[in-house]
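Residues per chain, in single letters:
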Amino acid sequence: MDRRHRVGRGLALTVAIGLAGSLASAPPAAADRDDVGQVEWGACPDDVTAKAPDLNVRCGTVTVPLDYDDPDGTQIDLMVSRLASENPHKRRGVLLLNPGGPGGSALTMPAELADLGIPSKVLDTYDLIGMDTRGFGHSAPIDCGFTVGQDYIGNVPPYAVDNAAVVEQAEIAKGVAEQCAANDTDGRMAHITTANTARDLDRIRAALGEKKASYFGLSYGSALGAAYASMFPDTTDRVLIDSNLGDTALDRAGLRRYALGMEETFPDFAKWTAARNSAYGLGRTPEEVRETYFSLAERLDEKPVFGIDGRQFRFTTFGGLYAKRTYGRTAQLWEAIKDADETAVKRAKRLMAETPGAPAAAAEGASYSNSWSVFLTVTCNDVEWPSDVRAYQHSVAADREKYPLFGAGAANILPCAFWPHGPSEPQVKINDDGPTNILIMQNRHDPVTPLLGGQLFRKKFTDRSRLVTTDGSGHGVYVYGGNACALNVGTAWLADGVMPEKDVTCRASG
């Protein structure tokens, strides 16, 4: 689940249950620079510099244990990037970044934030630190070997029209789990977890010579940030988590909340589309637009139109709700399908690969196969998933009624049901015993991480946190969402250390 504001990221395992005791009791000891070494900065890989040719973004590596229960065993190198503060008198430290996923790269995130106009006072206050998390990109990548044309169409499960469709997807999911296990020739996948990535963050902090580190993460990055702040309360400084999962892992409940998010966000798209009925012809009222959605989906279930079936249509519409700037693209696809315009459908299909967790055609590049692999490995390793196909059939049927837009997709079965082993270690527990240093930001309408996720974090972190709720729509708030109030509150926290005295509600702004 890649949060990224830019719609376009997608979406064995010898398991050793190590460190169960430390997670269940006291937080682990913070890393020390003497144990880690320091980062030697140099040129970034071409794929990073190409996205920031005018900024002095530098890259380096930090060496960490593959298995923190065996710190002197196999080591892996993690690549990090830095956009350094140019004002030493105002510099406070480092701001670690994560855009989501799991399986999303933050190496270009410092430059992206600068390009999006993050306030200069934040750039002065911090060195912005991006990274490829363990298992992804330039950091000891793993790969299940996804290929073009295989039945698996992405890490967001497809809509299941009936019980038989769940059984069919279960066979595909089982094959993917076996495929991942067969490609894990060195046993690395067992150690790709949220807990280990949080440990990596603290090692990176130490390697940068900082006593504390601040953090900004979105979507899955909220889960990672919550784990980091919970495991290392004494070495985390100012934390901002955005578009929130509500826990330290993507579990079954979190995945099923995708359906709630779509139900809450779809009315914004329907209202936008209805106001443009003379242009797209999809309905004069939001209610008519909703009926058009069901009509097109059911029609495509019966007979695909130029290669687009009901599963892909529902999934693409779900992805099209991530940002208002994609509404036109989504409406264009609907229009082309409604009119059975082959040329228009082909044109729209080229854009479908840019939706989050893109369908199978996007697996052509190794980066997408790697990203999908990391998503599954982290998700399946972090928590226990039900293995009984009948349980998924039951939840699919229930959510199809409760959340008719996408409930029968979000409740469908993942390869995690067939993962060769259980979780690598216990899920990180929320630690509410620490400083009041966690600012939670959440749009009221978010298709993938609904408002409930932010509210859950607020409840779990209690006095450690404050919740900023914006009357916004889409995925991403601070900098990415465009809300003036949220930008002001977030910047006051990160740059000036001003935490709101109580929760904040931000009205919609232009």
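Let me begin by describing the structure that accompanies this report.

Parameters at a glance
- Residues numbered from 1 in each chain as written.
- Predicted model: local features only at pLDDT ≥ 70, side-chain atom pairs only at ≥ 80, totals over all residues.
- Heavy atoms only, no water.
- Helix = DSSP H or I, 4+ residues; strand = E, 2+ residues; numbered from the N terminus.
- Rg over C-alpha atoms; globule rule 2.2 N^0.38 Å.
- Buried < 20%, exposed > 50% of the residue type's maximum accessible area, 1.4 Å probe, protein only.
- Areas by Shrake-Rupley, 256 points an atom, 1.4 Å probe, with all protein chains shown as cover.
- Lys, Arg positive; Asp, Glu negative; His and termini not counted.
- Charge placed at Lys NZ, Arg CZ, Asp CG, Glu CD.
- Axes fitted to C-alpha atoms, helices over the stretch in contact; angles between N-to-C directions.
- Parallel < 35°, antiparallel > 145°, perpendicular 65-115°, else oblique.
- Contact = heavy atoms within 4.5 Å.
- Nonpolar A, V, L, I, M, F, W, Y, C, P; charged D, E, K, R; others polar.
- Core = buried A, V, L, I, M, F, W, Y, C linked by side-chain atoms within 4.5 Å.
- Phe/Tyr/Trp six-rings, centres within 6.5 Å; stacked < 30°, edge-to-face > 60°.
- Pairing = 2+ DSSP bridges.

Overview of the overall build of the protein
Argument step 1. Across its full length, the protein carries 19 helices and 9 strands.
Argument step 2. Over its C-alpha atoms the protein spans a radius of gyration of 22 Å, differing by no more than 12% from the 24 Å that the globule rule assigns to 510 residues.
Argument step 3. In terms of its C-alpha atoms, the protein occupies a principal-axis envelope of roughly 65 × 50 × 45 Å.
Argument step 4. Within the protein, buried positions represent 60% of all 510 residues.
Argument step 5. Surface summary for the protein: the accessible area is close to 19000 Å², and the carbon and sulfur share equals 48%.
Argument step 6. For the protein, the separation between the mean place of its 52 positive charges and that of its 65 negative charges on side chains is 6 Å.

Observations regarding the packing of helix α9 (residues 252–274) against helix α13 (residues 327–338)
A pair of packed helices is captured by two measures, namely the crossing angle of their axes and the spacing between those axes.
Argument step 1. Two numbers describe how α9 lies on α13: the axes approach to 11 Å, and their chain directions differ by 75 degrees. What the angle tells us is that α9 and α13 run roughly perpendicular. Contacts from F266, D268, F269 and W272 of α9 reach α13 at Y327, G328, T330, A331 and W334.
Argument step 2. Along the lines of polarity and charge, the residues of the contact of α9 with α13 split into 6 nonpolar, 2 polar and 1 charged.

Structural notes on unusual backbone geometry
The phi torsion of most residues other than glycine is negative, and most of the peptide bonds are trans.
Argument step 1. Residues G101 and P102 are joined by a peptide bond in cis, for which omega reads -10 degrees.
Argument step 2. By the element assignment, P102 lies in the loop between β3 (93–98) and α4 (109–116).
Argument step 3. Of note in this structure, A140 is not a glycine but carries a positive phi near 50 degrees.
Argument step 4. By secondary structure assignment, the location of A140 is in the loop between β4 (126–131) and α6 (163–183).
Argument step 5. Looking at A140, the relative accessible area reads 14%, which means it is buried.

With respect to the nonpolar core
Note on soluble globular proteins: their nonpolar side chains tend to be buried together.
Argument step 1. Within the largest apolar cluster, 114 residues are counted, with the highest numbers of intra-cluster contacts made by L96, F266, F313, W334, I337 and L376.
Argument step 2. With 9 residues, the single largest contributor to this core is α9.
Argument step 3. In this structure, L97, M109, L128 and V477 belong to the second largest nonpolar core, which totals 35 residues.

Remarks on the packing of aromatic side chains
Argument step 1. One pass over the full model with this rule turns up 21 aromatic pairs.
Argument step 2. Ring geometry for F457 versus F461: centroids 5.9 Å apart, planes at 40 degrees, classification tilted. Separated by 4 residues within a single helix, F457 and F461 lie in helix α18 (residues 451–461), roughly one turn from each other. One exposure class covers both F457 and F461, and it is buried.

Considering the sheet that holds strand β2 (residues 75–83)
Argument step 1. An order of β1-β2-β4-β3-β5-β6-β7-β8-β9 is seen for the 9 strands of this open sheet, with the pairing classed as mixed. The sheet is open, and its two edges are formed by β1 (57–65) and β9 (504–506), each paired on a single side. Each adjacent strand pair in this sheet contributes to an overall mean axis angle of 20 degrees, direction not counted.
Argument step 2. Taken together, the 4 bridges between β3 and β4 define a ladder with parallel strand orientation. When the bridges of β4 are listed, L95 appears paired with L128.
Argument step 3. Along the sheet face, helix α7 (residues 194–207) touches β1, β2, β3, β4 and β5 (213–219) and points at about 120 degrees away from the line of β1.

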